Amino acid sequence: GERRGIMLARMEGIWRASGEVIVCLDSHVEATPGWLEPLLARIREDRTRLVVPSIDGIGTEEFEYTVFGLGLVSFKWTLAQSARERPEGGEGNS
């Protein structure tokens, strides 16, 4: 078959999916316990949302694990990304 790239392969899968929520993970991602529930909660609040987890880090020298948690990010039509403040009364990073 023709090699068409990861994004087109992912989109083909999404176009053919029948679930209520679609989750895409890259092969190098290791999901930790409890990673999905906060994302589903954000979708439940507003089904028009596209949610993306923050990716925790592992240091290159000492291999220390750093948790980044959830945050709010907005995208412009140019796909420029910028951090957003939570609305008044919104929960902090979890």
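What this report covers is the structure whose coordinates are included nearby. (Residues numbered from 1 in each chain as written. Predicted model: local features only at pLDDT ≥ 70, side-chain atom pairs only at ≥ 80, totals over all residues. Heavy atoms only, no water.)

Moving on to helix 2 (residues 36-45). For helix 2, the set of buried residues is Leu 39, Arg 42 and Ile 43. Down the axis, helix 2 shows its buried residues gathered within 100° of arc, on one side only. Of the residues in helix 2, the exposed ones pointing more than 90 degrees away from the buried face are Glu 37, Arg 44 and Glu 45. (Buried < 20%, exposed > 50% of the residue type's maximum accessible area, 1.4 Å probe, protein only. Helix = DSSP H or I, 4+ residues; strand = E, 2+ residues; numbered from the N terminus. Arc of directions from axis to C-beta.)

So, on to the pattern of salt bridges. One side chain can pair with another of opposite charge once the charged atoms of both are near each other. Per the stated rule, a full pass over the model turns up 2 salt bridges. As a salt-bridge pair, Asp 26 and Arg 10 come within 2.2 Å of each other at their nearest N and O atoms. Of the two residues, Asp 26 sits in the loop between helix 1 (6-16) and helix 2 while Arg 10 sits in helix 1, which places them 16 residues apart along the sequence. Using a relative accessible area of 23% as the deciding quantity, one classes Arg 10 as partly exposed. (Salt bridge = Lys/Arg side-chain N within 4 Å of Asp/Glu carboxyl O.)

Along the chain, Ile 22 turns up in the loop between helix 1 and helix 2. The exposure class assigned to Ile 22 is partly exposed, which follows from its relative accessible area of 41%.

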